Every structure is written in C-alpha cells, then in structure tokens.
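Structural overview for review
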Amino acid sequence: MEKNTSLFRKKTVDQIMRDAHANENGGLARILGVRDLVSLGIAAIVGAGIFSTIGLASYNGGPAVSLLFVFTAIACIFTALSYAQFASTVPVSGSAYTYAYVAFGELFAWIIGWALILEYAVSNMVVAISWSEYFVSMLKGFGITLPGWLTINPAAASEAFRKLQTEGIGSLSTYEKMAASAFEAAPRLGDIPFILNLPAGLVTLFVTALVYVGIRESRTASNIMVILKIGVVLLVIFAGAFYVKPENWDPFAPNGMKGVLSGVAAVFFAFIGFDSISTTAEECKNPQRDMPKAMIYCLIICTVLYVLITLVLTGMVNYKELKVSDPLAFVFQKNGLDFMAGIISVSSVIAITSALLVYQLGQPRIWMTMSRDGLLWKKFAKIHPKYQTPSFATIVTGFVVGIPALFFKMDFFVDLTSVGTFFAFILVCGGVLYLDHTGISERSKFRVPYVNGKFIVGFGFVAAVLGLVFYGQEIVAEWQALTTMEILEHKLLTIIFWITWLTLSIMSFKYNFSLLPVMGILTNLYLMTELGASNWFIFVVWLAIGLVIYFSYGYKKSKLAGN
C-alpha cells in the first residue's frame, strides 16, 4: 500500500462505515431507540445547571433571563442541526472527532478528539465534585453528617486553614469555616493531613462500573433517573406556580439586555448535552433516522422546562435573592415549604448522577474510535466479549476522572471544558458546509434546512459594523483606551470573530453557503470570546501535549498512513 504522509489525510464515509462494521474486536450492542436517546440527552442537559447556575443567571438578568434560555436554545439548534446531519451521514461512535476526520482531515480530527477528551474528563470531575456537595447536603437533611476531611479536597482545606490563621475566623465564609475545621480534624500521616473527597470518588467508581457492564444497564438507569428528575422539575413548576407573585416580575429586565446577556455563556452550557448523544451512534438501532429526531426533541423539551422554571423562580421571590447555589430548594424554603426543599435536594443528587452517567458513557467511545483509526493504542478499541462495551477505555476513564475528583480543587477548570466544546461545535458546523460543497450531503438522510446565505451573511456583517459605529460608542471608547499589547492579550478572539464573519460573508456570496451552519459558527465563536485568557493558556498546553503524542505515535500508526 502506498504511504500517505499528509497531515490532512481524510477518511471517506464508506471507509468509516467499513471500519466500524469490520471491527476485529467485535461490535457494540445496537439497542437504543429514539426514546432512549432523548432520555440520555435530557440526562446530560438537565443536570447540575438547572439546580445551581440558573440562580446566578436569574440574579444578573432578572425575570427576562427566561428569554435568554430561548435565545440560547435557538443558537444551540444551529449546532444541533449540524450534528444531526453528520450523525445521519456517518452513524458511528466518535462524535465531532469522526466528523472532523471526514471534513478536515486527520490532524484536525486528532485535535478535536484530544479536546473532547479534556472536555469530558474535566466536566466529569466537576460534576462528580458537585454531586458530592449535594449528596453531603442531602445526608445532613436526614441527620447524617460525614467527617469534613472525607468530603473536601486538600487544597480548599489548607487554604481555609491558612486564612483562619492570618485573618481570623470572622473573615471566613460558612464553607471556609467547615474546610478549616476539616483540616484541623483530619488524621495525619506524619505532618501530612489525610483529606479527600470520598463521595466524589465513590460515585465515579459506581457510574464507571455501571457503564462497564453494559449499555442496557446504563440505558435503564438513565431512563429511571430521567423520569424521576423530570417528575420533580414538573412538581416544582406546578407547585411553585401557586406561590408566584406577579409583582416580582416587575421590572422584567432590571439590568437591561447587558444583565440578561451576562449569563449567556453559563446558560449555553445548560444545553450542550445533545452532543453526547452522537457518541452512542453505534448502539442506536437506526441512527440515521433516530439521532436527528432525538437531538431536536431534547432541545425543545429542555427549553420549555428551563423557561417555565425560570419564570416560577423569579415569580416566587425577588430576583435579587437568587444568588445562591441551590435556588430551587431556596425559593421553597423562603416560602416555608421545607418538605418541598427536601424533595428537591434528593432530586438534585439524582439529576447530577444521570449527567455523570452520560458523560462517562461518551468518553470511552471517543477513545475507542480514535484507537480503531490507529491514533491511540489498540487496547482502547477492545470490546468486552460479554458486556459489549469498550472495557479498557471505560476503566481508564474511571481512573482519569475519579482520582482527580478525590484530591483536586476543580473550580478553576470549569470554564476549561467550554473551550474544547466550542472548538468542536465550530468544526462540526464548518464540516456541514464542506459536506454541502463537495456533494457528500446528497447521501445524508437528514440535512440542515437550506437557506441561501449568499447576501444575508454579508448584510448582517455590514449591519453589525454600522451598529457599532453609530450605537456602540462605549465599546469603541473601550477599544481606543487599550494599548496594542492589551488588545492582542484581551481582544484577540474578538478580532478573530470579526475577521471570520467577513471571510464567511465573502465565501457565502461566492459559494452560496447554507445560512444555518454559518450562524452556528458565528454564534459559537462569539461565545468563545467571553472565555478567560487563563483557560486558553491551559487549553494550548493540553493541545501541545496531544500533538507530541500524535507525532510520536498516531501519525506513524494511523491506518491512513498505509503501513
């Protein structure tokens, strides 16, 4: 076979389908239908977000934040439609990694796959730690208190103890007092205190074991948890409706559109679970028909739930009181309904468990697909003969997520997951433009509805520029106050956004690009500009490590290399 040394060597759809069906280690069990896929999607989407971040978004935006969920859902639909077209064209595991392999070539596919590994791993660590906090709180509600040194990470405990020593107990928050107390009470090995977040590690172990023994068991557990938590969410909506005071909705947007849009990045991530559905394509009975339906159904159902719950929350109490970590339980406690608050506390544990389950299900399947292509070691593609799951990859995922969740403080890395997510979303939307341009879309069983962007994209760009010139004096003044170095440091992504929009305007005029994927690219790229520079630095370091692995192993061992 002739060697192919290109960094951008591509796999055809036929090649990918052949590789999936002829996998020498056996195939995955095809048992998922539309309802199962919708359930998995809702399990991922309605997770920790609706029980925590919805409060901060409401505090910043007031009741009008309910409209933000609608706007964000529309933005997500652009990406979801692109995912759906790829899922119907290339119905195999691998998600955006596989799609990039078809559209952009191997190097981009590796970068996306490596970014998805970071996204799933870090988000799972954060979810596991969040689960631990809710679980410990729930146990306290039942009168059970675990030792503090078994429920916290060492960094948080030592930082709180140092603050206690230097600034006194009056400067500590309730959480910091608990952390400092845990540091003092912890058993010691010499001078080293023994502190770990045991519930976070145990829930990761439990979910990994469940994912290991089979997709059937994971599906059943997910379906049960989704039914329970959707039931509780509906209970909150209908019970809370009786305590709504319409005067709390006035003013509707107290901080204007700026206040509403300040929560756009956080709210966006309340919806991103739909991309995890695409990792189970090979376990779907009819992925070309069912996956597009499931993704759209998930977004519609979750948007309706989010909008209703936001209106109930901001109607039950004044929006200024919602800056809490458990807003759903808080509003019922505020209205003297402690019993309801207890139910919500239990349901939040269930909700976060199901989210952890879906993401822990997705990551091994991405590793498995990369291994099949020769980019990772063969062990990652091993399918368990009895359980029909990627066994080795699942075990490794358990360790990769569970060990850091036991010991590390993950607050800093929360936004890091979003860098990889946006990057993947942009390439998937761009990939649909490639499918259309090359004619591959002709074989897609589902296609993004075509709206000719020939003039619309360019007119939108001109309108946005004129809007800035005539109505964005504050933004223009802010830019003028910055030095060249400050612009490059803080506004580089914003510059890239405008250059990309201009480029897409020209290309849309030339090639009659479909409008919706272009909107997906621009929406995701704009949201990327909201992320901090520190997250980008860590992401670049992660990519550098990945490129070392690729050039030392994957580039040489790739099946497309012709070895």
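In this text the structure is predicted, and so the values were computed from the model without any measurement.

It is worth spelling out unusual backbone geometry at this point. For the peptide bond that leads from Asp250 to Pro251, omega is 5 degrees, which places it in the cis range. Note that Pro251 resides in the loop between helix H11 (215-241) and helix H12 (256-261). For Asn512, which is not glycine, the phi dihedral falls at a positive 55 degrees. For Asn512, the position within the fold is in the loop between helix H23 (492-511) and helix H24 (515-528).

Now for the side chain of Asp290. Relative to the assigned elements, Asp290 resides in helix H15 (residues 287-316). Judged by relative accessible area, Asp290 falls into the buried class, the value being 2%.

Taking 1.5 Å of rise per residue, the 17 residues of helix H18 (residues 391-407) would be expected to cover 24 Å, and the 25 Å separating its terminal C-alpha atoms lies within 8% of that figure. Of the positions making up H18, those classed as buried are Ser391, Ala393, Thr394, Thr397, Gly398, Val401, Gly402, Pro404, Ala405 and Leu406.

It is worth spelling out the environment of Gly342 at this point. Tracing the sequence through the fold places Gly342 in helix H17 (residues 338-372). For Gly342, a relative accessible area of 34% puts it in the partly exposed group. For the pair formed by Gly342 and Met138, sequence separation is 204 residues and the distance between their alpha carbons is 7.7 Å.

Moving on to the pattern of salt bridges. Under the criterion given, the structure shown has five salt bridges. A salt bridge links Glu106 to Arg9; its shortest N-O distance comes to 2.8 Å. Of this pair, Glu106 sits in helix H7 (residues 106-141) while Arg9 sits in the segment before helix H1 (13-21), and the two are 97 residues apart along the sequence. Take Glu106 and Arg9: they sit in the same class, and that class is buried. Measuring nitrogen to oxygen at the nearest pair gives 2.7 Å for the salt bridge that ties Arg289 to Asp290. Judged by its relative accessible area of 46%, Arg289 falls in the partly exposed class. Taken together, the shared-partner salt bridges connect Asp436, Glu442 and Arg447 into one network.

For the rest of this paragraph, the subject is the packing of helix H5 (residues 65-89) against H24. The N-to-C vectors of H5 and H24 enclose an angle of 125 degrees; their axes lie 8 Å apart at closest approach. One finds that H5 runs oblique with respect to H24. Note on packing geometry: the crossing formed by H5 with H24 is left-handed. Contacts between H5 and H24 pair Ala75, Phe78, Thr79, Leu81 and Ser82 from the former with Leu516, Pro517, Met519, Gly520, Thr523 and Asn524 from the latter. Its residues placed into classes, the contact of H5 with H24 shows six nonpolar, five polar and no charged.

In this model, the chain carries an average pLDDT of 81, and 87% of its residues clear a pLDDT of 70 or more. Ranking the helices and strands of the chain by mean pLDDT puts H23 first, with 92, and helix H22 (residues 484-490) last, with 63.

Quick look at a positive patch on the surface now. Together, Lys378, Lys556, Lys557 and Lys559 make up a region of like positive charge exposed at the surface. Structurally, Lys556 is set in helix H25 (residues 533-557). With a relative accessible area of 51%, Lys556 lands in the exposed category.

What follows concerns a nonpolar patch on the surface. Among the surface-exposed residues, Leu67, Val70, Phe71, Ile74, Phe252, Met257 and Leu261 lie close enough to one another that they form a single nonpolar patch of about 590 Å² accessible area. It is H5 that provides the largest number of residues to the nonpolar patch, a total of four residues. Along the chain, Val70 turns up in helix H5. Residue classification places Val70 among the partly exposed positions, given a relative accessible area of 31%.

Moving on, we come to the packing of H7 against H17. Two numbers describe a pair of packed helices, the interaxial angle and the distance between the axes. Between H7 and H17, the least distance of the axes is 9 Å, while the angle of their chain directions is 160 degrees. Judged on the interaxial angle alone, H17 and H7 are roughly antiparallel. Our pair here, H7 against H17, has a crossing hand that is left-handed. Taken together, the residues of the contact of H7 with H17 sort by class into 20 nonpolar, nine polar and no charged.

Before going further, it helps to spend a moment on the packing of aromatic side chains. Under the criterion given, the structure shown has 29 aromatic pairs. Their ring planes at 70 degrees and their centres at 5.4 Å tell us that Trp367 and Phe380 sit as a pair that is edge-to-face. Of this pair, Trp367 sits in helix H17 while Phe380 sits in the loop between H17 and H18, and the two are 13 residues apart along the sequence. A residue is classified by how much of its surface remains accessible, and Trp367, at 7% relative accessible area, is buried. Taking 6.1 Å as the distance between ring centres and 75 degrees as the angle between the ring planes, the aromatic pair formed by Phe423 and Phe539 counts as edge-to-face. Here Phe539 lies in helix H25 and Phe423 lies in helix H19 (residues 416-438), a separation of 116 residues in the sequence.

What counts and what doesn't
Residues numbered from 1 in each chain as written. Predicted model: local features only at pLDDT ≥ 70, side-chain atom pairs only at ≥ 80, totals over all residues. Heavy atoms only, no water. Helix = DSSP H or I, 4+ residues; strand = E, 2+ residues; numbered from the N terminus. Buried < 20%, exposed > 50% of the residue type's maximum accessible area, 1.4 Å probe, protein only. Expected span 1.5 Å × (residues − 1). Salt bridge = Lys/Arg side-chain N within 4 Å of Asp/Glu carboxyl O. Axes fitted to C-alpha atoms, helices over the stretch in contact; angles between N-to-C directions. Parallel < 35°, antiparallel > 145°, perpendicular 65-115°, else oblique. Left-handed = near helix turned anticlockwise from the far one by under 90°. Contact = heavy atoms within 4.5 Å. Nonpolar A, V, L, I, M, F, W, Y, C, P; charged D, E, K, R; others polar. pLDDT = per-residue confidence, 0-100. Patch = residues over 30% accessible without salt bridge, like charges linked within 9 Å, V, L, I, M, F, W, Y side chains within 5 Å. Areas by Shrake-Rupley, 256 points an atom, 1.4 Å probe, with all protein chains shown as cover. Lys, Arg positive; Asp, Glu negative; His and termini not counted. Charge placed at Lys NZ, Arg CZ, Asp CG, Glu CD. Phe/Tyr/Trp six-rings, centres within 6.5 Å; stacked < 30°, edge-to-face > 60°.

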